[in-house]
Structures are given as structure tokens and as C-alpha cells.
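For reference, the chains in residue letters:
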Amino acid sequence: MNYISTRGAGIGERHTFSDILLGGLAKDGGLYLPGEYPQVSADELARWRALPYADLAFEILRKFSDDIPVEDLRELTRRTYTAQVYCNVRDEENAAQITPLKTLGVEEGAPLSLLELSNGPTLAFKDMAMQLLGNLFEYALARHGETLNILGATSGDTGSAAEYAMRGKKGIRVFMLSPHKKMSAFQTAQMYSLQDPNIFNVAVDGVFDDCQDIVKAVSNDHAFKSQQKIGTVNSINWARVVAQVVYYFKGYFAATKHNDERVSFTVPSGNFGNVCAGHIARMMGLPIEKLVVATNENDVLDEFFRTGIYRVRKSAETYHTSSPSMDISKASNFERFVFDLLGRDPKRVLQLFRDVEEKGGFDLQASGDFARVQEFGFVSGRSSHDDRVETIRDVFQRYDTMIDTHTADGVKVAREHLQAGIPMIVLETAQPIKFGETIREALAREPERPAAFSGLEDLPQRFEVLPNDAQRVKDFVAAHTRA
Ligand SMILES: *Cc1c(COP(=O)(O)O)cnc(C)c1O
């Protein structure tokens, strides 16, 4: 398997899965993708139906990572996808499935269900990929006798998923910047209660954008970055995307009896990482009818899939919503899909994303490329705060099931794209406890709390408060990487 950049650099060069595992963008600013998508045969699809999650993950990942010895990969996937790690389930007996399918009911002739992706340690779907990344990083670093210091900024979900994936891992330290006193009590406790010596919570006196600016400033200091072996784990990381392909297969098998059936997926979307994995599953041959992109008020992606116009937003136009993990101004993985949509023409991708930087966007309606979107199964919709509250209430009353705000965006939009006879699977991306305020508003009751999280907010917390100053953060990192 060879990997190429969406902007064309390094054509003719060889990049293996391990080569791109620890990196971010390609050197031309593009994103990595496989030279071609591996195909799944009818025989394989039949055989995979009965596999436990970890072995399904092994079968799919090996198609993308032929440079990792198969016995090592099998061990890594079995260690990652265990019922002990994904234990925060609705129904105890489902823990072994890792991503259980929760049937809601039949609406307009379409079976409607939730694929539970948030039963891992931080109660959001990012654990699905990040837990694997933790084990892959540790493995790859050990093979080369290297170490890595991960620097990141978080407003909640990503940072905690990264910390829980990397805690206790040999050769890895995590420096995670978060805005001091700006996260919910639950999210703060989730991160700051970690006592592992390789995890450093840095509470910056500022807002989330300040944290992000510091990470950018540090990353632009190339000397410091290479001397301190600084890396990131953001959503463009290829291994994260490919790990997410697995549960589209798992969900398909759970919702169907035979491999000639088709299903649709609705994906609450922000940076387009999750639904990009669905696109890849479909390109591999999984019988997916529609990929429904659900956004909140930050509707960059919905606008594109309705009109062919991609127009990134400025920070001032980016709303803080009650589904905050989807509050994005541009979708960092979107370029991967555009590359496929344009017939894999790196020159045009380069031009379009130059236009994004220089003119704030591009228009594929005018060029005629937009017509091809439907060949890829994509449709979309958007949801508002009132829609979320209404949907949380409705799903609770009708199906006795409590859902979080992001999943509610998904259910709301899924209902606009039902087709009789085609199962609709909504990806459940977080548990309600993480966004308790809206649950109280919708249901006038407390969100359900998984047993392992009782008393979380009372645990001792370990964090360092630093001023909004990149130099001070650099000094802190340097002081803690000496040992
Ligand atoms: C990150 C996140 C999303 C958005 O996923 P993308 O891969 O960025 O599209 C949706 N819901 C929750 C709860 C998240 O944490």
C-alpha cells in the first residue's frame, strides 16, 4: 500500500502506513490517502460478518498497513478493542460488541437505529480511533527506539480522548492545553483527574483560540519542534480516519441479514473525519446507499452538499452551540473527499485549496463537478438548538432512549432522508452526560451517568496554570522532557 498526497507532492515516491503514522500534513500541505482503495470481495464480506470487532478491525486495517507484520497488527487490535475498554454500555450484555446497534423503531418504512460509538473511556466516538492510535504509536516508537511529545489544544473531546489513549504509554508524553476555567466541570474533571506522569494538563489563561494559537506558534518554531520531538494527533491523522472505517462494516452487519442489502448512515459532522471514513468504506465496496452529513448551525458542509459551494467561515462567524464538538469554521478532512470527487486530480485540488486560502472558498457547481456528488451517495442537512432539544425530548418519549446533543443533530437530519426498506443508522458520537445542560433543558432531569463515572468531579486534579504566552509553554515542555 502506497500513500499519496491530495496535492500531488512526492508522486513516484513511496510512503508506507508507518511512514505517515506519526506525521500530519504531507510536505505540500495536502492530506495523505492510499494510492488506491483496497477492495473487499464478496467472500471476504461473507466471512467478516461473524467476526468479533477486534478481528474485523484487523482484517480491514491490514489492507491499509501491509508494512506492519500481521501478527503484530492482530495483537494490537485485540489489545485495543476489548469489552474492558468499551465498558460504558447501555446494556451490560452488549459490551462484547464494542459498538452495539441500538434499534429505535421503524419510521416511514425505514428501520432507524443508533450505532453506539461512545462506550469508551471518554464517552465520545473519538476513543474508537484514538485508543488504537495510542497502541500504534507506542509500537512504532519502540521499533525505532524513539520518543514523541504530543502537543495539542482542546476544548473538550479530542484532548481527553488523546490523554486516555496515551496515558502510561512508553516513549510518549502528552502536553494538552485547555482554556482555564472554560470547560464544563465534567470535562475538566475527566482530563485533570488523570495522575499518569506522562500526561501534562496545561490550563492556559485564555480561550480555546489562544490555546490553538500557542500550538501553532510552537509548531512553527521548527528547531524547537524537532529538538523536542513534538507531534500532534489531530483529526487529519490518517490512522485515525482508517480506524473509523471499521465500525461502518460492523454497523452494516448488525443492521442487515444478507450482504445484498443496502443501508444508509447519518453522521454528526464537524471536521469531516468520521464521515470520510464512511466514504472510504463505501469506496471499498460496502453496500452503502446514502451518507448523510448532519451539521449544526455551523453549516459549512451542509451548504456544500446542497449547493456545491464550499465557503469557510471566519472565527466571528463560527457559533458556539450546544453541540460544541461540531463547531468548526472549515472541515479539515474535506480535501480527501474533494480529491476523489475530482477524479483524483492533484493539480485541481491544489488550486481549489489555494482559493480557500486566498478567496475563502470555491464553487464546484459552476465547474460541473458537483453533479458527481450523488454518485458518492452524499446528502446533508442542518440542525439548530431548538431541533436538538425537540429531538432529545422526542427520542426519549418515543423510544425511552436518552441521546446527546450531537447524536440529536444526527437523528434530526436522518429523518429528512429516510427511504422505505433501507435501514438508517445514526452514529451516536457522545453520551448525554458530557452535555448535561441541554439534557436538563430538554428533559428536566439529570443525564444518565455510567457507573464508572460516579464521583468523577470529586477526584483530586493535576494541572498547571500558565499565562497565554507561547514562550512559557515552550519552557514548560522543555523542562518536562529532560528526564
Ligand atoms: C469530534 C466530534 C464530532 C465531529 O466529528 P468529525 O470527525 O470532526 O466530523 C461529532 N460529535 C462528537 C461528540 C465529537 O466529539
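Residues numbered from 1 in each chain as written. Predicted model: local features only at pLDDT ≥ 70, side-chain atom pairs only at ≥ 80, totals over all residues. Heavy atoms only, no water.

In the annotation of an unreviewed UniProt entry, the entry for the protein reads Threonine synthase, and the organism field reads Paraburkholderia piptadeniae. Note on the protein: under the UniProt heading Cofactor (unreviewed entry), the record states "pyridoxal 5'-phosphate". (UniProt positions renumbered as here; feature names shortened; annotations may be inferred.)

K.L.:
Would you take a moment to explain a negative patch on the surface for this structure?
P.N.:
A surface patch of negative charge is lined by Asp386, Glu390, Glu437 and Glu441. Secondary-structure assignment places Glu441 in helix H17 (residues 436-443). Using a relative accessible area of 46% as the deciding quantity, one classes Glu441 as partly exposed. (Patch = residues over 30% accessible without salt bridge, like charges linked within 9 Å, V, L, I, M, F, W, Y side chains within 5 Å. Areas by Shrake-Rupley, 256 points an atom, 1.4 Å probe, with all protein chains shown as cover. Salt bridge = Lys/Arg side-chain N within 4 Å of Asp/Glu carboxyl O. Lys, Arg positive; Asp, Glu negative; His and termini not counted. Charge placed at Lys NZ, Arg CZ, Asp CG, Glu CD. Helix = DSSP H or I, 4+ residues; strand = E, 2+ residues; numbered from the N terminus. Buried < 20%, exposed > 50% of the residue type's maximum accessible area, 1.4 Å probe, protein only.)

K.L.:
Explain the layout of surface pockets to me, please; I cannot follow it from the model alone.
P.N.:
Its boundaries defined by the atoms lining it, the second largest pocket holds a volume of some 320 Å³. Lining the second largest pocket we find 19 residues, and of these Val85, Gly120, Pro121, Tyr164 and Arg167 sit closest to its centre. Contributions of two or more residues to the lining of the second largest pocket are made by helix H4 (70-80), helix H5 (126-144) and helix H6 (157-166). Residue classes in the lining of the second largest pocket are distributed as nine nonpolar, seven polar and three charged. (1 Å grid on protein atoms, 1.4 Å probe; cavity = no way out; pocket = protein on both sides within 12 Å on 5 of 7 lines; lining within 4 Å. Points joined across faces, edges and corners; volume = space filled by probe spheres on them. Nonpolar A, V, L, I, M, F, W, Y, C, P; charged D, E, K, R; others polar.)

K.L.:
Sorry, what's going on with the sheet that holds strand S13 (residues 378-382) here?
P.N.:
What holds strands together in a sheet is hydrogen bonding between their backbones, with the strands either parallel or antiparallel. Ordered by their spatial adjacency, six strands build an open sheet running S3-S4-S14-S9-S10-S13, and the pairing between neighbours is mixed. Here the strands that pair on one side only, and so sit at the sheet edges, are strand S3 (101-107) and S13. Direction aside, the axes of adjacent strands within the sheet are offset by 25° on average. Bridge analysis of S3 against strand S4 (residues 110-116) gives six bridges, and the strand direction is antiparallel. Across the sheet, residue Val106 finds its bridge partner in S4, namely Pro111. Contacts from helix H12 (residues 300-307) reach strand S10 (288-295) and S13 within the one sheet, and its direction differs from that of S13 by about 130°. (Pairing = 2+ DSSP bridges. Axes fitted to C-alpha atoms, helices over the stretch in contact; angles between N-to-C directions. Contact = heavy atoms within 4.5 Å.)

K.L.:
Which parts of the structure should I look at to understand the site of the ligand?
P.N.:
Residues in close proximity to the ligand total 15 residues, the closest being Lys126, Asp157, Gly270, Asn271 and Asn274. Between Lys126 and the ligand, the recorded distance is 2.5 Å, taken from a side-chain N or O atom to an oxygen atom. Burial of the ligand by the protein chains amounts to 97% of its free accessible area of 380 Å². For the shell around the ligand, a count of residues per class yields five nonpolar, eight polar and two charged. (Near = heavy atom within 4 Å. Polar contact = N/O pair within 3.5 Å; in protein donor to acceptor, adjacent residues only side chain to side chain.)

K.L.:
Looking at this model, I keep getting lost on the packing of aromatic side chains. Mind explaining?
P.N.:
Note on aromatic pairs: each is described by the distance of the centres and the angle between the planes. All told, the structure shown has 30 aromatic pairs when counted by the stated rule. Measuring from centroid to centroid gives 4.6 Å for Tyr192 and Phe463, while their planes differ by 25°, and the two rings are stacked. In this pair, Tyr192 sits in helix H7 (residues 185-192) while Phe463 sits in the loop between H17 and strand S15 (464-466), placing the two residues 271 residues apart along the sequence. With relative accessibility at 3%, the residue Tyr192 sits in the buried group. Given the relative accessible area of 35%, Phe463 is considered partly exposed. Judged by centre distance (5.6 Å) and plane angle (25°), the ring pair of Tyr247 and Tyr248 falls under stacked. Both residues of the pair, Tyr247 and Tyr248, count as buried. Members of the aromatic cluster, joined through ring pairs, are Phe272, Phe304, Phe305, Tyr310, Phe334, Phe337, Phe353, Phe362, Phe370, Phe376 and Phe378. In this structure, Arg74 is placed above the aromatic ring of Phe58, and the distance from its NZ or CZ to the ring centre is 4.1 Å. Stacked on the ring of Phe224, the Lys or Arg Lys474 has its end atom at 5.7 Å from the ring centre. (Phe/Tyr/Trp six-rings, centres within 6.5 Å; stacked < 30°, edge-to-face > 60°. Lys NZ or Arg CZ within 6 Å of the ring centre and 35° of its normal.)

K.L.:
How should I be thinking about the pattern of salt bridges in this particular structure?
P.N.:
Pairing is possible between side chains of opposite charge, provided their charged atoms come close. Applying the stated criterion across every chain yields a total of 33 salt bridges. Between Arg78 and Asp55 there is a salt bridge whose closest N-O contact spans 3.0 Å. Highlighted residues: Arg78 in helix H4 and Asp55 in helix H3 (residues 53-62), separated in sequence by 23 residues. A relative accessible area of 12% means that Asp55 is categorised as buried. In this structure, the salt-bridge partner of Asp221 is Lys474, at a minimum N-O distance of 2.7 Å. Placement of Asp221 in the loop between helix H8 (208-220) and helix H9 (222-227) and of Lys474 in helix H18 (residues 470-480) is noted, with a sequence separation of 253 residues between them. The class for Lys474 is buried, based on a relative accessible area of 13%. Linked through salt bridges whose partners overlap, the residues forming this network are Asp299, Glu303, Arg311, Arg313 and Arg382.

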